[in-house]
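Geometric and topological summary
If you want the building blocks of each chain, they are given just below.
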There are 2 protein chains.
Amino acid sequence: MISNSSKYAIKAVLFLAIHSNEENKIMVKDIAEPINVPQAYIAKLLQELAKRKLISSTRGPKGGFYLSSEDKERNVMDIISVIDGEKKINSCLLSLERCNSSNPCPIHHLANQSRIVLIENLKQNSINELALDVKNGKSKLPL
Amino acid sequence: MISNSSKYAIKAVLFLAIHSNEENKIMVKDIAEPINVPQAYIAKLLQELAKRKLISSTRGPKGGFYLSSEDKERNVMDIISVIDGEKKINSCLLSLERCNSSNPCPIHHLANQSRIVLIENLKQNSINELALDVKNGKSKLPL
DNA sequence: TCTAAAATATGATTTAAATCATATTTAAGA
DNA sequence: TCTTAAATATGATTTAAATCATATTTTAGA
């Protein structure tokens, strides 16, 4: 339903939201360890996120990754969509191609509503709001 | 969150609920095709389900798999628990070991309630009830 | 303009899940 | 009791996801 890669990407973006800004960029090697993801792996994901404009980066000395203020207005579903694609999270619990509300599989009504709620919730808060929750003690690190 | 194996197992059990009973057992080869799962793969899963007493089977000529009336009182979560284990579906969306309501990760409150609802729903209906829904046209095949 | 430090691009390797193959055991029926 | 048809047990292979490795490009600062 959600890949490991997406989970790692979400962790990395949240980490950047909490610790970075335009003036304070962070290098891959300083991201990997605190979020418990192998460095070479998170590097690849960060590159993908940067290419797809969900995070920002600059090369060279003093370079690194960070979130611009626009980046911080994104939400968690944006990240999942980029890494996993829309199809994966939107698919029926049994991965049936034809299943939908007018042609429901035998467990459609057990699973569908909660998935819709989940997706809605994942769109509800901006990355910035989630980072503020951490700063206000409403939610906790480490990732 | 839910493995392919669990999805296949659920499909097989629902198929048996709809088409089998003590007097009418079904062979692996007659299950695989209608539920769109490779035969050797579903065979292994059915064997596991039988060993764990979620479905019934007899060997030899006229043998096959079927659901006893007790088997039909099981629910979908029972199947997931046997195939994937409890941990997988109960884990935090970010797979954080420490995340829980009193120590919530940054997206805990976005994801937790819908997961609880999903699990509750998957326990709510017996396999028999789900099969009746199909017979009454409330839900549809194929799987 | 040179050097070093960073991301980027690309592809190789590893691992776990999914899939396949087959010898063994059990039970029905001739 | 023999044969055959079924599940069972076991392990091998394949595939996709996860992970690792490295040459290239860009940029800051000397």
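Presented here is a report on the structure given in the accompanying data block. (Residues numbered from 1 in each chain as written. Chains lettered and ligands numbered in written order. Predicted model: local features only at pLDDT ≥ 70, side-chain atom pairs only at ≥ 80, totals over all residues. Heavy atoms only, no water.)

So, the side chain of Asn75 of chain B
If you trace the backbone, Asn75 of chain B turns up in the loop between β2 (64–66) and α4 (76–84). Taking relative accessible area as the criterion, Asn75 of chain B reaches 13% and is therefore assigned buried. (Helix = DSSP H or I, 4+ residues; strand = E, 2+ residues; numbered from the N terminus. Buried < 20%, exposed > 50% of the residue type's maximum accessible area, 1.4 Å probe, protein only.)

Here's the deal with the protein's contact with DNA strand D
Lining the immediate surroundings of DNA strand D are 24 residues, of which Tyr41 and Pro61 of chain A together with Met27, Lys44 and Gln47 of chain B lie closest. Backbone atoms, meaning sugar and phosphate, make up 67% of the atoms of DNA strand D lying within 4 Å of the protein. In this structure, Asn4 of chain A approaches DNA strand D through a main-chain N or O atom, which is 3.0 Å from a phosphate oxygen. Between DNA strand D and Tyr8 of chain A there is a distance of 3.3 Å, counted from a phosphate oxygen to a side-chain nitrogen or oxygen. Contributions of two or more residues to the surface near DNA strand D are made by α1 (4–19) and α3 (39–51) of chain A together with α3 (39–51), β1 (56–58) and β2 of chain B. Looking at the surface near DNA strand D, its residues break down into 10 nonpolar, eight polar and six charged. (Near = heavy atom within 4 Å. Polar contact = N/O pair within 3.5 Å; in protein donor to acceptor, adjacent residues only side chain to side chain. Nonpolar A, V, L, I, M, F, W, Y, C, P; charged D, E, K, R; others polar.)

Focus: the protein's contact with DNA strand C
In the region of DNA strand C, 24 residues are neighbours, and Met27, Lys44, Gln47 and Arg59 of chain A together with Tyr41 of chain B sit closest. The sugar-phosphate backbone supplies 67% of the atoms of DNA strand C found within 4 Å of the protein. For DNA strand C, a sugar or linking oxygen lies 2.9 Å from a polar atom in the side chain of Arg59 of chain B. Going through the elements one at a time, α3, β1 (56–58) and β2 (64–66) of chain A together with α1 (4–19) and α3 of chain B are the ones with two or more residues in the surface near DNA strand C.

A word on the packing of aromatic side chains
All names here are of chain A. In the structure shown here, the tally under the stated rule is two aromatic pairs over all chains. Look at Tyr8 and Tyr41: their rings are 5.3 Å apart centre to centre, the planes differ by 80°, and that puts the pair in the edge-to-face class. Of this pair, Tyr8 sits in helix α1 while Tyr41 sits in helix α3; the two residues are 33 residues apart in sequence, bridging distant segments of the chain. (Phe/Tyr/Trp six-rings, centres within 6.5 Å; stacked < 30°, edge-to-face > 60°.)

What to know about the relation of the copies chain B and chain A
Note on the identical chains: chain B maps onto chain A by a rotation of 180° and an axial translation of 0.0 Å, with an RMSD of 0.0 Å. In symmetry terms, the pair is related by a two-fold rotation axis. Using C-alpha coordinates, one finds that chain B approaches the rotation axis most closely at Ser114 of chain B, a distance of 2.5 Å. Mapped onto chain A, 97% of the interface residues of chain B are again interface residues, and the two copies thus contact each other with one and the same surface. (Least-squares fit on C-alpha atoms with pLDDT ≥ 70 in both. Contact = heavy atoms within 4.5 Å.)

Side note on the environment of Lys62 of chain A
Along the polypeptide, Lys62 of chain A turns up in the loop between β1 and β2. For the pair Lys62 of chain A and Ile26 of chain A, spaced 36 residues apart in sequence, the C-alpha separation works out to 8.8 Å.

Some details on the packing of α4 of chain B against helix α6 (residues 108–124) of chain B
Residue and element names in this part refer to chain B. α6 packs onto α4 with a crossing angle of 110° between their chain directions and a minimal axis gap of 6 Å. By the angle between their axes, α4 is roughly perpendicular relative to α6. Between α4, through Val76, Met77 and Ile80, and α6, the contact on the second element is made entirely by Ile119, Leu122 and Lys123. Tallied by class, the residues present in the contact of α4 with α6 amount to five nonpolar, no polar and one charged. (Axes fitted to C-alpha atoms, helices over the stretch in contact; angles between N-to-C directions. Parallel < 35°, antiparallel > 145°, perpendicular 65-115°, else oblique.)

Concerning the interface of chain B and chain A
Counting residues at the interface gives 36 residues for chain B, matched by 35 residues for chain A. Both faces considered, chain B and chain A share a buried interface measuring about 3,200 Å² in area, 68% of it formed by carbon and sulfur atoms. In this structure, the connection of chain B to chain A is made through six residue pairs in polar contact (both at pLDDT 80 or more). Those elements that provide at least two residues to the side of chain B that touches chain A are α1, α6 and α7 (127–135) of chain B. Tallying contributions element by element places α6 of chain B first for the side of chain B that touches chain A, with eight residues. Residue composition of the side of chain B that touches chain A, by class: 22 nonpolar, eight polar and six charged. (Buried area = accessible area lost by both parts, 1.4 Å probe.)

Side note on unusual backbone geometry
Residues and elements named next belong to chain A. Pro142 follows Leu141 through a cis peptide bond whose omega is -5°. Here Pro142 shows up in the segment after α7 (127–135). At Lys53, a position not held by glycine, the phi torsion is positive, near 65°. You can see Lys53 is positioned in the loop between α3 and β1. Its relative accessible area of 61% is what places Lys53 among the exposed residues.

Digging into the environment of Glu70 of chain B
Residues and elements named next belong to chain B. In this structure, Glu70 sits in the loop between β2 and α4. Sequence separation between Glu70 and Glu22 is 48 residues; the distance between their C-alpha atoms is 11 Å. Here the side chain of Glu70 touches Ser69 through a polar contact of 3.3 Å, side chain to side chain.

Side note on a negative patch on the surface
Residue and element names in this part refer to chain A. The grouping of Glu22, Glu23, Glu70, Glu73 and Glu129 at the surface amounts to a negative patch. Within the secondary structure, Glu23 is located in the loop between α1 and α2 (28–32). Glu23 gets classed as exposed once you look at its relative accessible area, which sits at 72%. (Patch = residues over 30% accessible without salt bridge, like charges linked within 9 Å, V, L, I, M, F, W, Y side chains within 5 Å. Areas by Shrake-Rupley, 256 points an atom, 1.4 Å probe, with all protein chains shown as cover. Salt bridge = Lys/Arg side-chain N within 4 Å of Asp/Glu carboxyl O. Lys, Arg positive; Asp, Glu negative; His and termini not counted. Charge placed at Lys NZ, Arg CZ, Asp CG, Glu CD.)

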